[in-house]
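Inside the fold
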Amino acid sequence: MKIKDLKVKSVPCQIGLDPADQGKRNDKSFYEWIAGEDPDKSTGTFVMWLIESLAEEKSKTQINLLISDWKNSCSADEFKIRMSILNKLMPKDHPFHQIKKIKK
Amino acid sequence: MKMQEKVTGQEVVVPQIHKPKTSFEFTNVVEAIKSGEKKNEDLELFDKIESLLSPEQRQPMIDYMVQQERCTNKFAEHFFSEKKFRKRVMSLNENFLKHGEKMLRLEEAEIWIDLMEAGSDDIGPLLDTTDPTKQFKQLKPLDKKTMQQNRLFDLKNRIPDILGVEEEQFVHSVFKQNFHEVGLPYSKKNEDWLALFNDPERMDAFLSLDSINELYEQLTKGQQLDALARRVQLFWKTNETGQRIPAMHVQNMAENPDTKYVSEIGFVIEKEPAKENDPKGGRRLLKDLLVIVDKEARGSSDGANFLLGNLKLIKKYQLEEAEFVANIKIGSYVWARISDVDIPTMAEKLPGKTKTELGPKPWNEKEIRGMVFRDMILPTFEKNLVKAIHSVISSIHNPEKKKEMQTNLVENLMNNQYSKLKERALAGDLTMEELVDLGKGLNVCKFDEEGDIVQADSPNATHQGHLGKAAIMGVTWTARLKLDTRSLFGVVDKLTKGSGFIPFIKRVNQKLGLALSL
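Let us now look at the environment of Arg58 of chain B. If you trace the backbone, Arg58 of chain B turns up in helix 3 (residues 55-67). Measuring from C-alpha to C-alpha, the distance between Arg58 of chain B and Asp258 of chain B comes to 57 Å, with 200 residues separating the pair along the chain.

Right under this line is the structure:
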């Protein structure tokens, strides 16, 4: 056998393993820490972060695609509210404001 | 020197005027670039006259870059032919140096330029964002020596996971030989390694051995041992299909001074080769994620901020996709809800005889999906199903209830529903989410803190879940996520299935909710 011929497998991602627990393979408490004491609030925080990210999106195509995704995936009421949120939170010169008129 | 005029006819001493250099040493030019020495004479001269050099004059310097700095010919020629490109290489070196990550070879600049867009040429945010001491205040940075030792220890501990039995034995024989070379005994124990680590001279000698360098490169798929003290390592990686691709390994560590536990944040960014007919070129991929945060260092409610803080790397470095190899108990179910199986990546790892079965490429997507499920997912899934069902039924003592559960779990879920799912899986028609949803709503399986299935009546049973969740644990599979904003909104939709995300926004901030008239 030669060093160059060694077949090396991929290591699974190691997420949250507590260094104190050698030989153990998971850390459920890490996932729970990420989710926080109020997982719904954490999800909401993530959504707000994404909305901020969206404010920096310059591509009309991408925004169009996103709005189409939403139209197909959520209820009419939810869609209306999402459009209203973007309307209020997207900067004045954001491509969303040009698209929204067409998307009604 | 002062001007001295002699009264007699003797020689006048003339002040020494500084004469500019008329020749430069290219080796000095290269070292100056790596050391960020803008005022270096050789470099300044080189920069001035470079465009006047003939191909014959340039060739030895190109050869030097290829042989000593391990650049490709293409890169070296470009370095000489375009001043703007040269400036980019120099700025990169300055940037790395400024952040304490001096490049060892110009090869690293080439790899970075191959890997990243010009707008990302700054490792500052990368180092800051992944620095555990910035995020967890009680942690302290590790000194270089400790970091090197931890890295080697990590690698050594990983060996049983990444090598087969024969290969592992071979590697130990290599270690034994090399320990012997530096005058130390070797019996695979941690004590042997600690003896090496505690002896700086022997450690240096060990790290210079050819076979140790070769072994490190092989086990890490391309990383170089002389960069062991660096937090950012750029290397050429040989991927699954034997192609050479640019890659960067980031590994940041910090220690809890009270407990000595080492927290780590690390990952690899690589650029996949472009697929046929894909004008965009290869994807910039995040993978091999390693996130260990000392329990004591974690605040109770800053996990989400920690995650979001790291997600900003996506935009900074234009990361397009992320690959996760899940072999984690609870995590596996979460991933199955967010992402489907990455079939092409897993297909490369199918057993040889299955690949023979599939015949020559290009492979049919549905067919390989069927094979991936058949050979790589379902075997362990089924074993776990049996174990989970047994753990529930055997803990029920009331005969009527036992019978009821048996009917439910065995006859209905296992023999009926799972059979149908399996048929679809083998036909290449099943998603991961559909598989793990087996038995959803019936949370009869019990797990302990580690996410291991336990008897339903066990005192260690701290969590519960349905059959599919229990069965997917421990199955090694590769998931892939797109990281653009639109795709991440898709992830949220999956996580909040049915509810939409408005209710969650309201939870974040009452005022915000009111302001948005929600």
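Still to come is the rest of the account.
Okay, the nonpolar core next. Residue and element names in this part refer to chain B. Membership of the largest hydrophobic core comes to 145 residues, with the highest contact counts inside it found for Phe26, Trp112, Met248 and Trp477. In terms of residues, this core owes the most to one element, helix 19 (residues 365-393), which gives 13 residues. Aside from chain neighbours lying at most four places away, what touches Phe26 is Phe46, Met61, Tyr64, Met65 and Phe80. One finds Phe179, Val182, Leu215 and Leu228 within the second-largest nonpolar core, a separate group that totals 30 residues.

Under the criterion given, the structure shown has 29 aromatic pairs over all chains. Ring plane angle 45° and centroid distance 5.9 Å describe the contact between Trp33 of chain A and Phe136 of chain B, whose orientation is recorded as tilted. Here the residue Trp33 of chain A occupies a position in helix 1 (residues 28-35), and Phe136 of chain B occupies one in the loop between helix 8 (132-135) and strand 1 (140-141), the pair thus bridging two chains. Between the aromatic rings of Trp193 of chain B and Phe206 of chain B, the centroid separation amounts to 6.1 Å while the plane-to-plane angle is 90°, which identifies the pairing as edge-to-face. Residue Trp193 of chain B is found in helix 11 (residues 190-197), and its partner Phe206 of chain B is found in helix 12 (residues 200-208); the two are separated by 13 residues along the sequence. When sorted by exposure, Trp193 of chain B lands in the same class as Phe206 of chain B, which is buried. Through successive ring pairs, a cluster of aromatic residues spans Phe153, Phe175, Phe179, Tyr186, Trp193, Phe197 and Phe206 of chain B. Sitting over the face of the ring of Trp70 of chain A, Arg82 of chain A holds its NZ or CZ atom 5.1 Å from the ring centroid.

With that settled, the discussion passes to the interface of chain A and chain B. Opposite the 62 residues of chain A that make contact, chain B presents 75 residues. Carbon and sulfur atoms make up 65% of the surface buried where chain A meets chain B, a total of about 6700 Å² over both sides. Our count for the chain A to chain B interface comes out at six salt bridges. The salt bridge involving Asp40 of chain A is made with Arg507 of chain B; its shortest N-O contact spans 3.5 Å. Joining chain A to chain B, the criterion identifies 12 residue pairs in polar contact (both at pLDDT 80 or more).

The next subject is the side chain of Glu255 of chain B. Residue and element names in this part refer to chain B. Of note, Glu255 is situated in strand 3 (residues 244-255). Buried charge Glu255 goes without a salt bridge, the closest partner of opposite sign being Lys260 at 4.3 Å. Setting aside residues no more than four positions away along its own chain, Glu255 makes contact with Gln138, Leu139, Lys140, Leu142, Lys260, Tyr261 and Val262.

It is worth spelling out the pairing of strand 5 (residues 284-292) of chain B at this point. The element strand 5 of chain B is extensively covered by neighbouring structure, given that eight of its nine residues are classed as buried. One ladder, built from two bridges, connects strand 1 (residues 14-15) of chain A with strand 5 of chain B; its direction is parallel. Counted as the bridge partner of Ile15 of chain A is Val291 of chain B from strand 5 of chain B. Pairing analysis gives seven bridges linking strand 4 (residues 262-271) of chain B to strand 5 of chain B, with the strands arranged antiparallel. Residue pairing in the sheet places Ile269 of chain B in a bridge with Leu286 of chain B of strand 5 of chain B.

Attention now moves to the domain arrangement of chain B. Segmenting chain B into domains produces domain 1 (26-121), domain 2 (123-139 + 231-319), domain 3 (140-226), domain 4 (343-478) and domain 5 (484-518). Each of domain 2 of chain B and domain 5 of chain B was reduced to a C-alpha centroid, and the two centroids are 27 Å apart.

Looking now at the environment of Asn364 of chain B. All names here are of chain B. With respect to the helices and strands, Asn364 occurs in the loop between helix 18 (352-358) and helix 19. Counting along the chain gives 41 residues from Asn364 to Glu323, while the straight-line C-alpha distance between them is 22 Å. In this structure the side chain of Asn364 is engaged in a polar contact, spanning 2.8 Å, whose partner is the backbone nitrogen of Lys366. Among the polar contacts made by the side chain of Asn364, one reaches the main-chain amide nitrogen of Glu367 at a distance of 3.0 Å.

Residue and element names in this part refer to chain A. Between its first and last C-alpha, helix 3 (residues 60-73) extends 20 Å over 14 residues, near the 20 Å set by a 1.5 Å rise per residue. For helix 3, the full list of buried residues reads Ile63, Leu66, Ile67 and Trp70. All buried residues of helix 3 fall inside an arc of 95° around its axis, so they share one side. Exposed and oriented more than 90 degrees from the buried face of helix 3 are Thr61 and Asn72.

Moving on to unusual backbone geometry. All names here are of chain B. The linkage connecting Lys361 with the following residue, Pro362, adopts the cis geometry, with an omega of 5°. Relative to the elements of secondary structure, Pro362 occurs in the loop between helix 18 and helix 19. In this structure, Asp288 is a non-glycine residue whose phi angle is positive, near 50°. As for its position among the elements, Asp288 is in strand 5. By relative accessible area, which is 29% here, Asp288 ends up partly exposed. One non-glycine residue, Gln318, lies in positive phi territory at about 50°. Note on placement: Gln318 falls in the loop between helix 15 (313-316) and strand 6 (321-326).

Definitions and cut-offs
- Residues numbered from 1 in each chain as written.
- Chains lettered and ligands numbered in written order.
- Predicted model: local features only at pLDDT ≥ 70, side-chain atom pairs only at ≥ 80, totals over all residues.
- Heavy atoms only, no water.
- Helix = DSSP H or I, 4+ residues; strand = E, 2+ residues; numbered from the N terminus.
- Core = buried A, V, L, I, M, F, W, Y, C linked by side-chain atoms within 4.5 Å.
- Buried < 20%, exposed > 50% of the residue type's maximum accessible area, 1.4 Å probe, protein only.
- Contact = heavy atoms within 4.5 Å.
- Phe/Tyr/Trp six-rings, centres within 6.5 Å; stacked < 30°, edge-to-face > 60°.
- Lys NZ or Arg CZ within 6 Å of the ring centre and 35° of its normal.
- Buried area = accessible area lost by both parts, 1.4 Å probe.
- Salt bridge = Lys/Arg side-chain N within 4 Å of Asp/Glu carboxyl O.
- Polar contact = N/O pair within 3.5 Å; in protein donor to acceptor, adjacent residues only side chain to side chain.
- Lys, Arg positive; Asp, Glu negative; His and termini not counted.
- Pairing = 2+ DSSP bridges.
- Domains from an automatic or database assignment.
- Expected span 1.5 Å × (residues − 1).
- Arc of directions from axis to C-beta.

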